[in-house]
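These are the residues of each chain, in order.
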Amino acid sequence: MSEIEGYPDYMLESIKKVEKNRDYNMKHPVKPMGMKDREKILAKYHPDYMKGTRRELKVGINKGEIFYNGIADLLEARTILDPKDVDLTKIDYDVDVLIVGGGGAGSVAALFANESGIAINKILIVTKLRHGDANSMMAQGGIQAADRPEDNPALHYLDIYGGGHFTNKPELARALALDAPGIISWHEKLGVMYDRYEDGEFQELSGGGTCRNRMHSCKDYSGMEIMRVIRDKARNLEIPTLEFAPIAELIMDDKGQVAGAVAFNLETYEYYVIRSKATILATGGSGRLHLSNYPTTNHYGATGDGIVMAYHAGANLCDLDTIQIHPTGDAFPEPIVGILSTEKIRGLGAIPLNKNGDPFVFPLEPRDVESASLIRECKDGRGIVTPTGMFGVWLDTPMIEIIHGKGTIETKLAGEVRKFKRFGIDITEHPILVYPTLHYQNGGVEINEKCETRIPGLFAAGEVSGGVHGKNRLMGNSLLDFNVFGRRAGIFAAKYVKKAKIGKLTLKHLDKYNKLLEKAAIKSEKTAPILLPEYRGEMAISRSLDIF
Amino acid sequence: MTEGKQVFVEKKKVKKIKGKDEKLKADEIEVFIMGKSYKVPAGLTIMKALEYAGYRFIRGCGCRAGFCGACSTVYRIEDEQKLGFDLACQKVVENNMYLVQLPFVPGVKAEYDIEKIDPSDSILLEMYPEIARCVSCNTCTKSCPQDIDTMKYIQMAVRGDIERCAEISFDCIQCGLCAMRCPADIKHYHLAQLARRLRGKYIDPRSKNLANRVKEIDQRKYDEEIVKLIKMPNKDIKELYVKRKIEAEDEGDLGGD
Ligand SMILES: Cc1cc2nc3c(=O)[nH]c(=O)nc-3n(C[C@H](O)[C@H](O)[C@H](O)COP(=O)(O)OP(=O)(O)OC[C@H]3O[C@@H](n4cnc5c(N)ncnc54)[C@H](O)[C@@H]3O)c2cc1C
Ligand code: SF4
Ligand code: SF4
Ligand code: FES
């Protein structure tokens, strides 16, 4: 039958070793790695450095640069729209600010565009699924801001920049660090329920790669709490929102500006022509591309559409030669493979252990280093193999209550408790099995401090953008990112709108792009952006007919 | 979607449309999607079972991880009286399970400006007067896939206890299953959203550290220091980074994504 109840016997055997060593392991922590050791382990075990995961792009403005294969595949595919099929003379929506994506960055941008003087009915959010079905809703751990007296924004800057291997655009890293306290203060006014002490100060935790404790959390539903409050405000203002209508491509005008977009109604297959003076790309990440064959933590709509459509329009991309794999995706049981177990678990004191119950890494290295260490442990034969052939190592959750007292897990990690309880696993009693999972798109469409891309009229914010985190993002900095840059995008797009003049609408850039592909002798069966991932069973697909 | 109705009729009337091949392989189970039989591998979630059978989701699928409430669903196992309630992305299929996809259910939300609202004891009742009609049947609690004591937070709201209402409802993913079943037509999740915002804004004390820091940043206290970091040669900033003192190594109060 299908009921899954706890761990199979052979795993329980390994858990016995974990239990036996627990005391010792807690008293003898592994020290953080030096820079040299970090580099060594990354080179050997992280997909960003391994052979065969990435290649040179053959087309467009970033031609010759290295991209992950799955992203290069999309950029080297034909455009999803054929300009011949779209009548641009009939305009369905005519707005000042079009926001592509109803996640965190998009919603924040809409609120600040309105606050900066754009009328409600001149804003339009267009999104793929429902408003709020987004990676933002899924964040558990929390959001960074340097607001304690023992901390400051310069230290935050240093962490962001060092964590990104000194590849971030400094002015973007600065904006992230300096705007952070203001964002938390805005959240306080909106009524976000942060975890606090009785005197009102925040309970701030640390995490991988940060030198001070500055992680603000809302239990283990931080993203959900922030996202639902922001969405509630957008709903109260009645900001027009078009759901289940992903943008397929951007529209340009005869002056080379971005001037709107074509939306595709997923249910009726109709298209809508949207004209806008400014367009804010807020489509989030691309975990659902399963780069390098990793499972993912991302939501269903995270298919990297934004980078593809922006590239078609001539915007440049950066840092897409790296991906963030999160060290602790679930490896068992099968139904939750790839889903995130929050970094906060390690933050609260749980240590990763191999099948012999031995520790092998400082629990809070930066994500890439931590992930590479887990992968090494498994490749060297010290991981646990699941019944479906997945690798994993233990994360010893019971340590948390030994450190912080009984009941800590239930109050601080309710979501995690709930997830495992369904499968008969009590995480206060037993460790959980984890393996790295595809988590975050480090790079994307390059922006400046005003969220401008190199194409006039096109702004970008959030996970779709590139430059803020360089080649590696630190925990807690992307909830911050979507707030900081969502806000900036809304403000600067509103400013831009005041003097923007749109010319004649065109989709010629798509024809041009397809010609470039031909010239580069690229023959791809695919079209992009893909809008939704394909998860139907092979059997069902192989027998499906395209006659209806 | 007329076939979907079959799930709700009494057991003896459920018409099974058997697949052409009656035998199940070892790791397979039989499920009925909108009344039609499909064989799927055991151990899949309802969501993955539907996909395996050939469904491509547009509605009813968001985060795929139990956070967004897009996939709330009902099911019934053959020969069982009870209707099950759960999230399709979390619940694992069982043999002879009858599955559906729930349609969109509209639920009216009160509109307000949180700045102008008066956080009095009676505010929740004023904004959502229907909560007074709660008959304490506890159906909402029984339908909640998050195991929230939903009835209790409604009762806290009726009593004017915003703080407790916010606390108890905190893990609500706004899936709407409670509201779909409530005989008093209460929109639990909308009400709870208001309660939490009121608590976050008006009841929980504010952070003084934060207020100070925001002031300092407005006064540009850190601008110079960061400019110095930006201008610093690569070698020097790398050294500074490596040598910085890490607070957590001393304490162990750690968080993360
Ligand atoms: C499980 C998980 C846990 C995380 N935990 C943390 C954490 O603790 N701390 C932290 O800082 N960060 C965390 N992150 C990262 C963070 O949540 C995201 O990076 C961030 O929320 C991204 O915000 P966004 O607005 O850019 O994208 P999203 O919130 O993903 O929003 C993008 C929106 O655009 C829509 N969209 C996509 N394509 C199109 C299209 N073609 N047309 C129209 N709309 C489209 C999407 O459906 C979605 O609604 C986590 C991420 C995940 C997945
Ligand atoms: S309280 Fe209601 S809306 Fe919230 S999770 Fe439970 S059933 Fe869903
Ligand atoms: S289902 Fe409705 S009437 Fe019944 S207890 Fe819940 S809120 Fe009250
Ligand atoms: S798809 Fe989001 S809760 Fe199931």
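Computed from a prediction, not measured in an experiment: that's the story for all the values here. (Residues numbered from 1 in each chain as written. Chains lettered and ligands numbered in written order. Predicted model: local features only at pLDDT ≥ 70, side-chain atom pairs only at ≥ 80, totals over all residues. Heavy atoms only, no water.)

Asks: Looking at this model, I keep getting lost on the packing of helix H7 (residues 222-236) of chain A against helix H14 (residues 477-499) of chain A. Mind explaining?
Replies: Think of two packed helices as two axes; the pair is described by the angle between the axes and how far apart they sit. Residue and element names in this part refer to chain A. For the pair H7 and H14, the least separation of the axes is 11 Å and the interaxial angle reads 15°. Relative to H14, the element H7 is oriented roughly parallel. Classified by chirality, the crossing of H14 by H7 is left-handed. Side by side, H7 and H14 meet where Ser 222, Gly 223, Ile 226 and Ile 230 of the first sit next to Leu 479, Phe 482 and Asn 483 of the second. Looking at the contact of H7 with H14 residue by residue, the class counts come to four nonpolar, three polar and no charged. (Axes fitted to C-alpha atoms, helices over the stretch in contact; angles between N-to-C directions. Helix = DSSP H or I, 4+ residues; strand = E, 2+ residues; numbered from the N terminus. Parallel < 35°, antiparallel > 145°, perpendicular 65-115°, else oblique. Left-handed = near helix turned anticlockwise from the far one by under 90°. Contact = heavy atoms within 4.5 Å. Nonpolar A, V, L, I, M, F, W, Y, C, P; charged D, E, K, R; others polar.)

Asks: What exactly am I supposed to notice about the interface of chain A and chain B here?
Replies: Interface size, as often reported, equals the accessible area lost upon joining of the parts. Each partner contributes to the interface: chain A provides 111 residues, whereas chain B provides 87 residues. In total, chain A and chain B occlude about 8500 Å² of area from one another, counting both sides; carbon and sulfur atoms represent 55% of this. Where chain A touches chain B, the interface holds 10 salt bridges. Among the ionic pairs, B:Arg244 bridges to A:Asp159, the shortest N-O distance being 2.6 Å. Linking chain A with chain B are 36 residue pairs in polar contact (both at pLDDT 80 or more). Of all the secondary structure elements, the ones that give two or more residues to the side of chain A that touches chain B are helix H2 (35-45), helix H5 (153-163), helix H6 (170-190), strand S7 (204-205), H7, helix H9 (344-347) and helix H13 (414-421) of chain A. Element by element, the count of residues in the side of chain A that touches chain B is highest for H6(A), at 10 residues. (Buried area = accessible area lost by both parts, 1.4 Å probe. Salt bridge = Lys/Arg side-chain N within 4 Å of Asp/Glu carboxyl O. Polar contact = N/O pair within 3.5 Å; in protein donor to acceptor, adjacent residues only side chain to side chain.)

Asks: Mind showing me how you'd approach the site of ligand 2 here?
Replies: Taken together, B:Cys144, B:Pro145, B:Gln146, B:Thr150, B:Tyr153, B:Cys172, B:Ile173, B:Gln174, B:Cys175, B:Gly176, B:Cys178 and B:Tyr189 make up the full set of residues adjacent to ligand 2. When its residues are assigned to classes, the shell around ligand 2 shows eight nonpolar, four polar and no charged. (Near = heavy atom within 4 Å.)

Asks: What's the story with the nonpolar core in this structure? I'm lost.
Replies: For soluble globular proteins, the rule of thumb is that nonpolar side chains tend to be buried together. Grouped together as the largest cluster of nonpolar side chains are 204 residues, with contacts concentrated most on A:Phe485 and B:Val93. Here this core takes 11 residues from H6(A), the largest share from any one element. (Core = buried A, V, L, I, M, F, W, Y, C linked by side-chain atoms within 4.5 Å. Buried < 20%, exposed > 50% of the residue type's maximum accessible area, 1.4 Å probe, protein only.)

Asks: What's the story with the sheet that holds strand S3 (residues 72-77) of chain B in this structure? I'm lost.
Replies: The strands that make up a sheet pair up through hydrogen bonds in the backbone, lying either parallel or antiparallel. Residue and element names in this part refer to chain B. If you trace the five strands from one edge of the open sheet to the other, you get S2-S1-S5-S3-S4, paired in mixed fashion. Pairing within the sheet leaves two strands with one partner each, and these edge strands are strand S2 (36-41) and strand S4 (83-87). On average, adjacent strands in this sheet sit at an angle of 35° to one another, irrespective of strand direction. Where helix H1 (residues 46-53) meets the sheet, it contacts strand S1 (28-33), S2, S3 and strand S5 (97-99), and its direction lies at approximately 110° from that of S2. (Pairing = 2+ DSSP bridges.)

Asks: Whenever I open this one, the pairing of S2(B) confuses me. Can you help?
Replies: On any regular strand, side chains alternate: one points to one face of the sheet, the next to the other face. Residue and element names in this part refer to chain B. Here S1 runs beside S2; their pairing, made up of six bridges, is antiparallel. Within S2, the position partnered with Glu 28 by the bridge is Pro 41. As consecutive antiparallel partners, S1 and S2 are separated by two residues, and within that stretch Met 34 has a phi angle of approximately 50°, a positive value.

Asks: Would you mind going over the site of ligand 3 with me for this structure?
Replies: Around ligand 3, the structure places B:Cys134, B:Val135, B:Ser136, B:Cys137, B:Asn138, B:Thr139, B:Cys140, B:Met151, B:Cys182, B:Pro183, B:Ile186 and B:His188. Looking at the shell around ligand 3, its residues break down into eight nonpolar, four polar and no charged.

Asks: Help me out: how do you make sense of the pattern of salt bridges in this one?
Replies: Two side chains carrying opposite charge are able to pair once their charged atoms lie near each other. All names here are of chain A. Applying the stated criterion across every chain yields a total of 54 salt bridges over all chains. The residue Arg 228 makes a salt bridge to Glu 225 at a minimum N-O spacing of 2.9 Å. Here Glu 225 and Arg 228 lie together in helix H7, a separation of three residues that amounts to about one turn. The exposure class assigned to Arg 228 is buried, which follows from its relative accessible area of 1%.

Asks: Can you walk me through the side chain of A:Glu370 in this structure?
Replies: Tracing the chain through its elements places A:Glu370 in helix H10 (residues 367-379). Owing to a relative accessible area of 0%, A:Glu370 belongs among the buried residues under this scheme.

Asks: What's the story with H2(A) in this structure? I'm lost.
Replies: Each full turn of the α-helix corresponds to 3.6 residues, which orients residues three or four apart in the same direction. Those residues of H2(A) that fall on the buried side of the exposure criterion are A:Arg38, A:Ile41, A:Leu42 and A:Tyr45. Down the axis of H2(A), the buried set is contained in an arc of 105°. They therefore lie on one face. Among the exposed residues of H2(A), those pointing more than 90 degrees away from its buried face are A:Lys36, A:Glu39, A:Lys40 and A:Lys44. The inward-facing, buried residues of H2(A) contact H10 of chain A together with helix H10 (234-243) of chain B. (Arc of directions from axis to C-beta.)

Asks: So what exactly am I meant to see when it comes to the packing of aromatic side chains here?
Replies: The way to describe two aromatic rings as a pair is by their centre distance and the angle between their planes. Within this structure, the stated rule accounts for 13 aromatic pairs over all chains. For the ring pair A:Tyr93 and A:Tyr272, a centre distance of 6.1 Å and an interplane angle of 90° mean the geometry is edge-to-face. One end of the pair, A:Tyr93, is in strand S4 (residues 93-100); the other, A:Tyr272, is in strand S12 (residues 271-281), and 179 residues separate them in sequence. According to the relative accessible area criterion, A:Tyr272 is buried, its value standing at 15%. The interplanar angle of 25° and the centroid separation of 5.7 Å between the aromatic rings of A:Tyr157 and A:Tyr161 together place this pair among those described as stacked. Note that A:Tyr157 and A:Tyr161 are positioned in helix H5 at a spacing of four residues, about one turn of the helix. A relative accessible area of 0% places A:Tyr157 in the buried class. Taken together, the aromatic side chains of A:Tyr157, A:Tyr161, A:Phe166 and B:Tyr241 make up a single cluster linked through ring pairs. For A:Arg487, the ring lying beneath its charged end belongs to A:Phe112, and the centroid distance is 5.7 Å. The aromatic ring of B:Tyr202 is capped on one face by B:Lys201, whose charged end is 5.5 Å from the ring centroid. (Phe/Tyr/Trp six-rings, centres within 6.5 Å; stacked < 30°, edge-to-face > 60°. Lys NZ or Arg CZ within 6 Å of the ring centre and 35° of its normal.)

Asks: When you look at the confidence of the model for chain B in this model, what are you seeing that I'm missing?
Replies: Parts of the model with low pLDDT should not have their predicted coordinates read in detail. Residues and elements named next belong to chain B. Across chain B, the average pLDDT comes to 89, with 88% of residues at or above 70. Below a pLDDT of 50 lies the segment residues 1-14, which in the model reaches 21 contacts outside its immediate sequence neighbourhood of four places, other chains included. For this predicted complex, the interface score ipTM comes out at 0.93, alongside a pTM of 0.94. (pLDDT = per-residue confidence, 0-100.)

Asks: Quick question: what am I supposed to make of the sheet that holds strand S19 (residues 444-446) of chain A here?
Replies: Residues and elements named next belong to chain A. Strand order in the open sheet formed by three strands is S13-S19-S21, and the pairing between neighbours is mixed. If you trace the sheet from one side to the other, it starts and ends with strand S13 (317-318) and strand S21 (465-466), each paired once. Here S19 pairs with S21 via two bridges, running parallel. Following the sheet pairing, Glu 446 is matched in S21 by Gly 466. Across the face of the sheet, helix H8 (residues 305-312) comes into contact with S13 and S19 while running at roughly 40° to S19.

Asks: What's the story with H10(A) in this structure? I'm lost.
Replies: All names here are of chain A. With 13 residues, H10 ought to run about 18 Å at 1.5 Å a step, and its terminal C-alpha atoms sit 18 Å apart, in line with that. If you check which residues of H10 are buried, you get Arg 367, Asp 368, Val 369, Glu 370, Ser 371, Ala 372, Ser 373, Leu 374, Ile 375, Glu 377 and Cys 378. Close packing links the buried residues of H10 with H2, strand S14 (324-330), H9, strand S15 (352-353), strand S17 (391-395) and strand S18 (432-440). Looking at the residues trailing H10, positive phi occurs at Gly 381, about 85°. (Expected span 1.5 Å × (residues − 1).)

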